[in-house]
Amino acid sequence: MSYKIGEIAKLTNLTTRTIRYYEEIGLLGDRNNRPTGQLRVFENGDIKRLKKIQLLKDLGLTLDEISQVIDLYFTDGRLLDGKRQVIQILKAHIARAEEKIDELNTFKIDCEKSICKIEAIIKNNESKLEK
């Protein structure tokens, strides 16, 4: 079945602008066969592909990362390769998140130390004023 861009937008809960952008950056596969200026026509496979892109985005992958794996999901026998690559990407995300968590914990501790120092200065100055 063929769909116009507005129809596919409704079916996938994406905007037409997003779909055009995905098409422009190559996430919808080779679209060079559409003559310039002609109406965009999408098929059921495009719906599956757009839904997979959304799923991968929901997992935390960037569009660049998705572009590295999306074709594997739609090539016979490579589905597991795609899943393995997604696992590697997500593990890298976890490692970066853990680094950020460590940095934030260090920042939090530094802030708490600064607060204690400032509170001590305030308390010391208040006690001097009371005398």
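These notes cover the structure that comes with them. Just so it is clear, the model here is predicted, and its values are computed rather than measured.

Quick look at unusual backbone geometry
Right, so step 1: In this structure, asparagine 13 takes a positive phi of about 60° despite not being glycine.
Right, so step 2: Position of asparagine 13 relative to the elements: it lies in the loop between helix H1 (5–12) and helix H2 (16–24).
Right, so step 3: Overall, asparagine 13 belongs to the exposed group, its relative accessible area being 71%.

Looking at the pattern of salt bridges
Right, so step 1: Tallied over the full model, the rule gives four salt bridges.
Right, so step 2: A salt bridge links glutamate 65 to arginine 96; its shortest N-O distance comes to 3.8 Å. Of the two residues, glutamate 65 is situated in helix H4 (residues 63–69) and arginine 96 in helix H5 (residues 79–130); the sequence distance between them amounts to 31 residues.
Right, so step 3: Judged by its relative accessible area of 13%, glutamate 65 falls in the buried class.
Right, so step 4: A salt bridge links glutamate 112 to lysine 108; the shortest N-O distance between them is 3.7 Å. With glutamate 112 and lysine 108 both in helix H5 and four residues apart, this pair spans about one turn of that helix.
Right, so step 5: Looking at glutamate 112, the relative accessible area reads 39%, which means it is partly exposed.

What about the packing of H1 against helix H3 (residues 44–58)?
Right, so step 1: Two elements in contact, H1 and H3, have axes whose closest approach is 10 Å; the angle formed by their N-to-C orientations is 45°. Taken as axis vectors, H1 and H3 run oblique relative to one another. Viewed along their axes, H1 and H3 form a crossing whose handedness is right-handed. For the pair formed by H1 and H3, the contact residues are Ile8, Leu11 and Thr12 on the first element and Asp46, Ile47, Leu50 and Lys51 on the second.

Notes on the nonpolar core
For soluble globular proteins, the rule of thumb is that nonpolar side chains tend to be buried together.
Right, so step 1: By size, the foremost hydrophobic cluster in this structure holds 21 residues, and its most contacted members are Ile8, Ile19, Leu50, Ile53 and Leu56.
Right, so step 2: If you list the elements that add at least two residues to this core, you get H1, H2, H3, H4 and H5.
Right, so step 3: The greatest single-element share of this core, amounting to four residues, is contributed by H3.
Right, so step 4: Beyond its immediate stretch of four places on either side in the chain, leucine 50 contacts Ile8, Thr12, Leu14, Ile19, Tyr22 and Leu28.

Each value, and the rule that gives it
- Residues numbered from 1 in each chain as written.
- Predicted model: local features only at pLDDT ≥ 70, side-chain atom pairs only at ≥ 80, totals over all residues.
- Heavy atoms only, no water.
- Helix = DSSP H or I, 4+ residues; strand = E, 2+ residues; numbered from the N terminus.
- Buried < 20%, exposed > 50% of the residue type's maximum accessible area, 1.4 Å probe, protein only.
- Salt bridge = Lys/Arg side-chain N within 4 Å of Asp/Glu carboxyl O.
- Axes fitted to C-alpha atoms, helices over the stretch in contact; angles between N-to-C directions.
- Parallel < 35°, antiparallel > 145°, perpendicular 65-115°, else oblique.
- Left-handed = near helix turned anticlockwise from the far one by under 90°.
- Contact = heavy atoms within 4.5 Å.
- Core = buried A, V, L, I, M, F, W, Y, C linked by side-chain atoms within 4.5 Å.

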